[in-house]
Amino acid sequence: MSRNDNSDPLTCEDLIFFVNGKKVVEKNADPEMTLLTYLRTKLRLTGTKLGCAEGGCGACTVMVSKYNHGEQKISHYSVNACLSPVCSMHGMAVTTVEGIGSTKTKLHPVQERIAKSHGSQCGFCTPGIVMSMYTLLRNNPQPSYDDMLSAFEGNLCRCTGYRPIIEGYQTFTKEYCCGGAGNDKCCRNANLNVEEEGMSTELVKPSEFVPYDPSQEPIFPPELMNSDVYCSKTVQFCNDRVKWIRPSTLQELMNLKSQYPHAKMVIGNTEIGVEVKFKNQFYPVILVPTHISELQKITVTSDGVVFGASVTLSTFEHVLKTQIAELPEYKCGVFSAIVEMLRWFAGHQIRNVAAIGGNIMTASPISDLNPLFMAAGCKLTVISTNGTRQVTMGDGFFTGYRKTILEPEEVLLSIHIPHTREDEYFYGYKQSPRREDDIAIVNAGMRVVFESGTNMVKDLAMSYGGMAPTTVMAKKTMTGLIGRKWNDGLINSVCDYLAEDLPLSPSAPGGMIEYRKTLTASFFFKFYLSVLDKLNGKEVAETSVPYSFKSSLSGIHKDTIQSTQMYQEVAPGQPVDDAVGRPMVHLSAYKQATGEARYCDDIPPIQGELYLAMVTSTKAHAEIRSIDASEALAIEGVHTFVSHTDVQGSNKFGIGASCDEEVYASDKVYCVGQVIGAIVADSQAIAQRAAKLVSIDYKELEPIITIEEAITHESFYKPIRSIEKGNIQAGFEMSDHVQEGEMKMGGQEHFYLETFCCIAIPKGEDGEMEIISSTQSPTKSQKIAASALGVSESRVVSKVKRLGGGFGGKETRCCVHSAVVAVAAQKVGQPVRCMLDRDEDMCTTGTRHPFMARYKVGFTNSGQVKALELTLYSNAGLSTDLSHPVIDRALFHSDNVYMIPNIKVTGYVCKTNIPSNTAFRGFGGPQGLLFAENWITNVAVKCGISQEKVREINMYKEGELTHFNQAVTLNNTLQRCWEDCLQKSDYQRRRRQVDIFNSENRWKKRGIAIIPTKFGISFTFTPLNQAGALVHVYTDGSVLIAHGGTEMGQGLHTKMIQVASRALKVPTSKIFISETSTNTVPNTSPTAASASSDLNGEAIKKACETILERLEPYIYANPKGSWEDWVGAAYMDRVSLSSTGFYKTPNIGYDWETNSGQPFNYFTVGVGCSEVEIDCLTGDHHVIRTDIIMDLGQSLNPAIDIGQIEGAYMQGYGLFTIEDHRWSPTGVLLTRGPGMYKIPGFGDVPTQFNVSLLSNCPNERAIYSSKAVGEPPLFLASAVFFAIKDAIMSARADAGITGVFRLDSPATSERIRMACQDQFTEKFPAAKPGTFTPWFVRI
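Read on for a plain summary of the structure.

Parameters at a glance
Residues numbered from 1 in each chain as written. Predicted model: local features only at pLDDT ≥ 70, side-chain atom pairs only at ≥ 80, totals over all residues. Heavy atoms only, no water. Helix = DSSP H or I, 4+ residues; strand = E, 2+ residues; numbered from the N terminus. Buried < 20%, exposed > 50% of the residue type's maximum accessible area, 1.4 Å probe, protein only. Pairing = 2+ DSSP bridges. Axes fitted to C-alpha atoms, helices over the stretch in contact; angles between N-to-C directions. Contact = heavy atoms within 4.5 Å. Core = buried A, V, L, I, M, F, W, Y, C linked by side-chain atoms within 4.5 Å. 1 Å grid on protein atoms, 1.4 Å probe; cavity = no way out; pocket = protein on both sides within 12 Å on 5 of 7 lines; lining within 4 Å. Points joined across faces, edges and corners; volume = space filled by probe spheres on them. Arc of directions from axis to C-beta. Salt bridge = Lys/Arg side-chain N within 4 Å of Asp/Glu carboxyl O. Parallel < 35°, antiparallel > 145°, perpendicular 65-115°, else oblique. Left-handed = near helix turned anticlockwise from the far one by under 90°. Nonpolar A, V, L, I, M, F, W, Y, C, P; charged D, E, K, R; others polar.

### Section: the environment of Q72
Move 1: Along the chain, Q72 turns up in the loop between β3 (61-68) and β4 (73-80).
Move 2: Its relative accessible area of 62% is what places Q72 among the exposed residues.
Move 3: C-alpha separation for the pair Q72 and R402, spaced 330 residues apart in sequence, amounts to 39 Å.

Pasting the structure below:
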């Protein structure tokens, strides 16, 4: 179809819109292109990032502004640029992060405050968060705290833990007072005693923030205000595949719908965009009714409100809130339920563009609004060229999966939302894995009408989502309750009715069958109690809501976050230029906040650059019979197909000693997602489209997916490691109790915001190749690529500027992908780029290792542990990768902080048909530690002793030997952390309060737990404990440093500059780090194991000391001279101002045969205490308070270290509670992308969050007496897991169930609810295993 196809009544228009105040005219607008792609590739505005392509992470957030000529009003709203078609911007103004401020000119206060508040670590999410806050301020210059927090519901951050972002932006809110300066009632420090000599709580100085002046914001483009031509005119954009039409009148829309009855109608593209991108859907005609007045109309009537189908959810919510404020409460039942549901419905970026009509017509079986509309009996008006008709949303409206009773040519015109009446009550319910911005597991709308002045049911409507292929009415339940009185006798009847109304096959899509059935009854019970409470107010109820039940009626309200961050101040005499120990802002934070920080995919295209899309296996275990790429190669713009036959060097490689992987699969595939080939094309869109056309014929083989299957088939990688100490049998014999058990811990997706990216650049001679990638291990990327290319490592240069997060996920797996890209670049002789989509990244790069533990523990009546036999199994996947060192660390950490005189721990690495699992923050440590805390908890329960007492009596004493015979030499800091945490958290008093709360509440329970940790610092593979550095001093006095570590948000470069500042005795402003590259520092160890500051810091220090030693004669000769004078004099005297530095950790290594040596340089220890509240009816929970005490020696940078603690804690919180990996029984990852896989959000931060660094605890074994911080704090989030278990125990006790019980990790809402056994769970027993095929398995 040409731009001016004469067969079409419309001609394709020029796309006209504004970006950052500049007019953009696009002559050939592509209707398939998103705004994000246009900004990044056409305008080169790369501050806006691609994080997920499905509107789930907010990294792509921009502000869109438009002028309403009817209302003469400018509106600003945030959108996801990854979903918004660029064509939809016609006649609008777009503002990106580059458009509000710059380090080159002036920072906007929104950018300044997130940076100065230490709210940007890796920085990849920062521009999106900045733009969410900026949009809020453009609409409300002084928002409320709740408004601010709500603005971030569509944004995710994997690094910071959110607290510094929230508190930095809290300074814009009307509740903000003074930032804690001399005010006991400060919004930050209320009720917190933070006074301690020599300690500071000031990481941020809000008094230094630039005031926000809304009058200085850019003006809206006058051209868009002066004429409505862009809004009133029908526009069409087209390419050779798709026609995109925005009609201007209702009649035109009906005509088009008659002409194209199967055309998709799109408002916000929030559903269709995902279908096209991820579900391979193709829609040749798109109709966009966003500018049709009838579909935007809102009419208040005597019995409700009529909303046009194109009204956005944000406007929908605003109008309903206005009505609630103006009308009597009894009329607003439906309105209130909708507003409450919208509170948890997606983020603002989605709600600002998604429409009511779209929510109805997509007919999703888990729609949040459709159950409410159906229960309320909402009336729809539909229209076509044949006329208008009214339809009631009720039973029969949804005719099948994603189908309604509307005819193809009909258009939904409006929906009528009714008032409720005097004797009518309406409530909505939803349970999802994460409260905010999440898809429902089950949701419901419920309405009851009583005979006037009685408790006799006159009418009842109950609608459920998530229980069938459509939203359904519980018809038997509704009929069965008519005429019955509203009393306790209903409950059992309803459970029986619901079981008939809502049957679910054990194999039903979505799984969680018993949980979903239980939720249907739990929701009704909540509804019953809520209505009963209302009837009590009218004095028509036969019974009242028991006092212990009343807390179940209240939802979750998040109070303002209160927090402290306490650290030791630098010594009074420390020179001003000595930066060590000072809370410096991350040196890239300002660039990250303005979008100027450059990540791999932000690098401008290189001349002749092509794009690669991977072709991956769709089978978990199969022989490859044939590959046919002919259809793909026929597409214009496709250059070649790459496979194992194109590998010039070795197609085999291995991460460890085993050479057990292939760059490109040759004859067999061993997991879904394994790379078989690649398409190289002119653009990403062409390459990805062509990759889907490559046809592969397989002969399927039986896969092994789970740990249990691996055990059955004895599918293990060798060697099988064990550590044994003492006499196990004698230990069990001297024990009063011997307890056996099993526990599983799931994997975890890294979910770094920047997916894998690589650019491979052939240099054209001698086989040279430059690889720029997002890797934690430049050397490993260099090695694997060189091997695949068939050249020496010296001819491959691997470079890294910065990473948008890593967490171990970019240590090895991305190196494999770099080799895939390098081979393609070698074949075509041109630069080749590849950046994985989020779903591709999740399906190919592996996760944290899932583990299973079987244990046998012997102990005395007093709780003293005498013996432990522990067997660990890890799910490694298709190759060994780093699985052996991961399980080694798990074995080393199986004691946590407890002295076990007789112990044997064994680790099996399971070989399965899933992507190879890999390093993740903690590296096996959290798994071993969790199992230790599980059995120590069970010991306490069995003995009837408090858990903290059992922990105390088994805790290591100074100098005692671990089970691997390393002395615990901590200068008593473990005991100090424990005692400090008990005191600062006010543990004993709060323990009593929790017990009182639980005695007074049946359906809400609280729990509290205090958990210690001991984490060994070093690589367990001894050769990696080394580092190199290169320091150059230039004649102007500036210093350039190169070292082997990569910057991925952890502040490594900032700390290294602080180290050099002290070593050279110069201010940090003179020191610069550009990048990490294998041609400056060779043979680098991965940036991992929390050891990078220790290793690289010592190497930098040595290099700096060498240079300073060379300068000493000139300093001595001119003591009053400046640094520049001394450097200049040395240069004139022909003294080298460049030096290398090298460091290896001394006295380290371990012998598995003799169980001797010192595997770790030292231990980092800490203690965390968390209190939670759970909803026993749904499994929901929230964290009330968390206190953390960490021994980090003398912190190099308290701001960065506390940021690492908070970020690790939130990542650990996700690991132990909501991050739930689910796989099909045939090995397909089901939880891919933020839509299905949930990491913690802004709303998951503990209401009170206090972090303290232990004072006066120098560590002589690391750089400047510091300690490593990256991994150790993560496990302290397990205090939430054990607090949840504590709360469940109280619920079980109320049901008459006592004693030890099993709770696997993560403690999802499903597991919490089903562990709280009661009369509802008993109604829905599980099907017998082996009698059905489950929808998903946990591996």
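### Quick look at the sheet that holds strand β42 (residues 1039-1043)
Move 1: One open sheet accounts for four strands, arranged β43-β42-β41-β45; its pairing is mixed. Every interior strand has two partners, whereas the edge strands, β43 (1071-1073) and β45 (1138-1144), have only one. In this sheet, neighbouring strand axes are inclined to one another by 25 degrees on average, regardless of whether the strands run parallel or antiparallel.
Move 2: Both strand β41 (residues 1026-1033) and β42 contribute to a ladder of five bridges, which runs antiparallel. The residue of β42 that forms the bridge with H1032 is L1040.
Move 3: Docked against the sheet, helix α32 (residues 1052-1064) engages β42 and β43, running at close to 145 degrees with respect to β43.

### Side note on the nonpolar core
Move 1: Residues Y169, F316, F373, Y464, W486 and F524 are the most contacted members of the largest nonpolar core, which totals 330 residues.
Move 2: Here the element with the most residues in this core is helix α18 (residues 513-537); it accounts for 13 residues.
Move 3: Other than its neighbours up to four places away in sequence, F316 contacts F307, V311, I338, L342, I356, L369, F373 and I417.
Move 4: Counting residues in each nonpolar core, the second largest holds 39 residues, with V1039, A1099, L1108 and Y1114 among its members.

### Description of the sheet that holds strand β35 (residues 796-800)
Move 1: On the basis of which strands lie adjacent, the open sheet formed by eight strands has the order β25-β29-β23-β36-β33-β34-β35-β44 and mixed pairing. Unpaired on one side and paired on the other, β25 (638-642) and β44 (1076-1077) mark the two borders of the sheet.
Move 2: In this sheet, strand β34 (residues 769-773) lies alongside strand β33 (residues 757-762) in antiparallel orientation, the contact comprising five bridges. When the sheet's bridge partners are listed, A760 is paired in β34 with I771.

### Considering the side chain of D895
Move 1: Summarising the element assignment, D895 is placed in the loop between α27 (883-892) and β39 (902-911).
Move 2: With relative accessibility at 0%, the residue D895 sits in the buried group.
Move 3: Setting aside its immediate chain neighbours within four residues, D895 contacts I900, A932, Y956, T962, H963 and K1014.

### Examining empty space enclosed by the protein
Move 1: Counted by the stated rule, this structure contains 14 cavities of 30 Å³ or more.
Move 2: Taken as a whole, the largest cavity spans an internal volume of roughly 160 Å³.
Move 3: Lining the largest cavity are 14 residues, and of these E661, Q674, V675, R813 and V816 sit closest to its centre.
Move 4: Residue assignment for the lining of the largest cavity shows that the elements contributing at least two residues are β27 (661-662) and α25 (813-828).

### Digging into helix α34 (residues 1123-1132)
Move 1: All of the buried residues along α34 are W1123, W1126, V1127 and A1130. Down the axis of α34, the smallest arc covering the buried residues is 95 degrees, so these residues share one side.
Move 2: Buried residues in α34 make contact with β41, β42, α32 and α33 (1092-1117).
Move 3: R1134 sits one or two positions beyond α34 and adopts a positive phi of about 60 degrees.

### Some words on the pattern of salt bridges
Move 1: Using the criterion set out here, one finds 71 salt bridges in the structure.
Move 2: Ionic pairing is found between R991 and D1286, a salt bridge with its closest N-O pair at 3.0 Å. With R991 in helix α31 (residues 987-1000) and D1286 in helix α36 (residues 1278-1294), this pair connects stretches of sequence that are 295 residues apart.
Move 3: Assessed through its relative accessible area of 16%, R991 is described here as buried.
Move 4: Residue D1286 is classed as buried on the basis of its relative accessible area, which comes to 11%.
Move 5: Each of the salt bridges in this network shares a partner with another, and the network as a whole consists of R40, K49, D601, D602, E609 and R833.

### Looking at the packing of helix α11 (residues 313-326) against helix α12 (residues 333-343)
Move 1: In contact at an axis separation of 9 Å, α11 and α12 are set at 140 degrees when each is read in the N-to-C sense. Between α11 and α12, the interaxial angle falls into the category oblique. Of the two elements, α11 crosses α12, and the hand of that crossing is left-handed. Contacts between α11 and α12 pair L313, F316, E317, L320, K321, Q323 and I324 from the former with F335, S336, I338, V339 and L342 from the latter.
Move 2: For the contact of α11 with α12, the residue count by class is eight nonpolar, two polar and two charged.

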